[in-house]
Amino acid sequence: MILVTGGAGFIGSNFILDWIAATGEAVVNLDKLTYAGNLENLANLKDDPRHIFVQGDINDRVLVAKLLSQHQPRAIIHFAAESHVDRSIHGPGEFIQTNINGTFSLLEEVRAYWQELQAEEKAAFRFLHVSTDEVYGSLGANDPPFTETTAYAPNSPYSASKAASDHLVRAYHHTYGLPTLTTNCSNNYGAFQFPEKLIPLIILNALNGKPLPIYGDGMNVRDWLYVGDHCAAIRAVLAGGRLGETYNIGGWNEKTNLDVVNTVCAILDELKPAANSKPYASLITYVKDRPGHDRRYAIDARKIERELGWKPLETFETGIRKTVAWYLDNMGWVENIVSGEYQQWMKANYQNREKA
Ligand code: NAD
Ligand code: DAU
């Protein structure tokens, strides 16, 4: 079996559903269930013995040691993190605690476990660390996309904490020989994404007739990757990635935020027109920019394509249509989220962002 951290979050839950469907191999899912963790994402695996859920913190070394010794996983896929840039600006402490200290604690316990494995299991073991393209910093309009050798230049507390965790993983490979793999991927979108991130937030606000907040001039560029393609890429890296290497994963879908928001609005106009018949794009509102807002991310994914034969299957046009349709079909999932804590966050992040 494998052990997944953060498997109740957006990408982790998509990964577990995809993994069990694709391989049938059992998963131990260690997740703290922060505001971003949601067991409803895994409702389809309720009563499935191949999914063993454990609520807990990756900083809890006693618990991690117990899970490793009890389940003897052949691999760890490490998703658990604080993942939202805006929250890292409001309060970086949790990002240091989970993304840096948590990764360190996990690495220490995994190293102790791995060192005691028999030769064959030891050689076959893998620690796959899921990271982000944000560690590379911001690109200018004409810069080439990030490659695996682009220098690290993180600009937010979130990306700095992820960069630190990447360095720890790298060091555990070079110093202790731990069989690690690191993936750095671009912006994911798809089912089960928490509605604090751009795409689900826009869908939700539009359906509720609320302003669609665009930070700054809306011309920041992200490289969008459908979450199902990301899950397939992680399986490919786990199966065939070279030890100690990093693999960039991206969708070859560079879009400005304004393009993304207009596309979402146009699909909503078609699938669920507003009661007042106005186009949803009329709700677009420019607001104060995110401090330190990275201008452009773009991933050069040729290494994983060349070495492991992975390629994204979705274009942005196909993936975004599926995503909007999923939210429309799953409003119950959304409604269960957008109570208490979510409302507080929306206030904290948006109420002092006067119209730009
Ligand atoms: P998410 O915020 O949706 O989910 C994170 C999960 O980790 C939640 O289930 C949460 O409960 C859990 N968690 C948080 N702290 C924990 C702790 N201390 N111990 C155990 N569990 C804990 O995040 P996501 O968008 O699914 O991202 C998953 C990973 O992928 C993260 O490492 C993130 O940095 C990386 N990543 C995300 C994106 C993206 O676009 N979402 C892109 C690149 C990389
Ligand atoms: O690039 C990978 C990263 O993508 C991941 O490492 C992060 O975990 C993930 O959250 C995401 O980070 P971003 O900051 O790019 O995602 P977010 O959805 O928060 O914002 C996308 C873009 O949209 C960004 O340029 C900011 C802008 N934005 C966001 C929000 C929430 C707005 O204009 N308005 C908004 O209300």
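This text follows the structure it describes.
For clarity, every value in this text was computed on a predicted model and none was experimentally measured.

K.L.:
What's the story with the site of ligand 2 in this structure? I'm lost.
P.N.:
For ligand 2, the set of nearby residues contains 25 residues, the closest of which are Asp133, Tyr158, Arg290, His293 and Tyr350. Between an oxygen atom of ligand 2 and a main-chain N or O atom of tyrosine 215, the distance comes to 2.9 Å. Measuring from an oxygen atom of ligand 2, one finds a side-chain N or O atom of arginine 290 at 2.6 Å. Looking at the shell around ligand 2, the elements with two or more residues in it are α3 (85–90), α7 (198–207) and β8 (212–215). Its residues assigned to classes, the shell around ligand 2 comprises ten nonpolar, eight polar and seven charged.

K.L.:
Quick question: what am I supposed to make of the packing of aromatic side chains here?
P.N.:
We describe a pair of aromatic rings using the distance from one ring centre to the other and the angle between the two ring planes. Evaluated as defined, the whole model comprises 19 aromatic pairs. Residues tyrosine 35 and phenylalanine 194 carry aromatic rings whose centres are separated by 5.2 Å and whose planes lie at 80° to one another, so their mutual orientation is edge-to-face. Of this pair, tyrosine 35 sits in the loop between β2 (27–31) and β3 (51–55) while phenylalanine 194 sits in the loop between β7 (188–189) and α7, and the two are 159 residues apart along the sequence. Here phenylalanine 192 and tryptophan 333 contribute two aromatic rings whose centre-to-centre distance is 6.0 Å and whose plane-to-plane angle is 65°, an arrangement assigned as edge-to-face. With phenylalanine 192 in the loop between β7 and α7 and tryptophan 333 in helix α12 (residues 331–337), this residue pair connects regions lying 141 residues apart in the sequence. For the pair shown, phenylalanine 192 and tryptophan 333 are each scored as buried. Taken together, the ring pairs in this structure connect Tyr136, Phe146, Tyr152 and Tyr297 into an aromatic cluster. Over the ring of tyrosine 215 we find arginine 353, and its NZ or CZ is 3.9 Å from the ring centre.

K.L.:
Sorry, what's going on with helix α9 (residues 257–271) here?
P.N.:
In an α-helix, one turn spans 3.6 residues; hence positions three or four apart end up facing the same way. With 15 residues, α9 extends 21 Å from end C-alpha to end C-alpha; this agrees with the ideal 21 Å at 1.5 Å per step. Burial in α9 covers these residues: Asn257, Leu258, Val260, Val261, Val264, Cys265, Ile267 and Leu268. Elements that come into contact with the buried residues of α9 comprise α7, β8, β9 (221–223), β12 (254–256), β13 (284–287) and α11 (316–329).

K.L.:
So what exactly am I meant to see when it comes to the site of ligand 1 here?
P.N.:
Around ligand 1, the structure places 28 residues, and the nearest of them are Ile11, Asp31, Ser83, Tyr158 and Lys162. The contact in question runs from a nitrogen atom of ligand 1 to an N or O atom on the backbone of lysine 32, over 3.0 Å. Take lysine 162: an N or O atom from its side chain is 2.6 Å from an oxygen atom of ligand 1. Protein coverage of the free-state accessible area of ligand 1, which is 830 Å², stands at 97%. Within the residue set of the shell around ligand 1, elements represented by two or more residues are α1 (10–23), β5 (126–132) and α6 (157–176). Per-element accounting of the shell around ligand 1 gives the leading share, three residues, to β5. Tallied by class, residues from the shell around ligand 1 come to twelve nonpolar, twelve polar and four charged.

K.L.:
Explain the pairing of strand β6 (residues 180–185) to me, please; I cannot follow it from the model alone.
P.N.:
Strand residues, when the strand is regular, have side chains that alternate between the two faces of the sheet. In terms of burial, β6 is a largely internal element, six of the six residues being buried. Residues of β6 alternate between two faces, with Thr180, Thr182 and Asn184 on one and Leu181, Thr183 and Cys185 on the opposite face, all of them buried. Note: β5 against β6, six bridges, orientation parallel. Note that in β6 the partner of serine 131 across the bridge is asparagine 184.

K.L.:
For this particular structure, what's the right way to read the packing of α7 against helix α13 (residues 340–350)?
P.N.:
Helix packing geometry: the angle between the two helix axes and the distance between the axes. Taken N-terminus to C-terminus, the directions of α7 and α13 make an angle of 100°; their axes are 14 Å apart at the nearest point. As judged from the angle between their axes, α7 and α13 are roughly perpendicular. Contacts between α7 and α13 involve Leu201, Leu204 and Asn205 from the former and Tyr342, Met346 and Tyr350 from the latter. Class assignment of the residues belonging to the contact of α7 with α13 gives a composition of five nonpolar, one polar and no charged.

Calculation notes
Residues numbered from 1 in each chain as written. Chains lettered and ligands numbered in written order. Predicted model: local features only at pLDDT ≥ 70, side-chain atom pairs only at ≥ 80, totals over all residues. Heavy atoms only, no water. Near = heavy atom within 4 Å. Polar contact = N/O pair within 3.5 Å; in protein donor to acceptor, adjacent residues only side chain to side chain. Helix = DSSP H or I, 4+ residues; strand = E, 2+ residues; numbered from the N terminus. Nonpolar A, V, L, I, M, F, W, Y, C, P; charged D, E, K, R; others polar. Phe/Tyr/Trp six-rings, centres within 6.5 Å; stacked < 30°, edge-to-face > 60°. Buried < 20%, exposed > 50% of the residue type's maximum accessible area, 1.4 Å probe, protein only. Lys NZ or Arg CZ within 6 Å of the ring centre and 35° of its normal. Expected span 1.5 Å × (residues − 1). Contact = heavy atoms within 4.5 Å. Areas by Shrake-Rupley, 256 points an atom, 1.4 Å probe, with all protein chains shown as cover. Pairing = 2+ DSSP bridges. Axes fitted to C-alpha atoms, helices over the stretch in contact; angles between N-to-C directions. Parallel < 35°, antiparallel > 145°, perpendicular 65-115°, else oblique.

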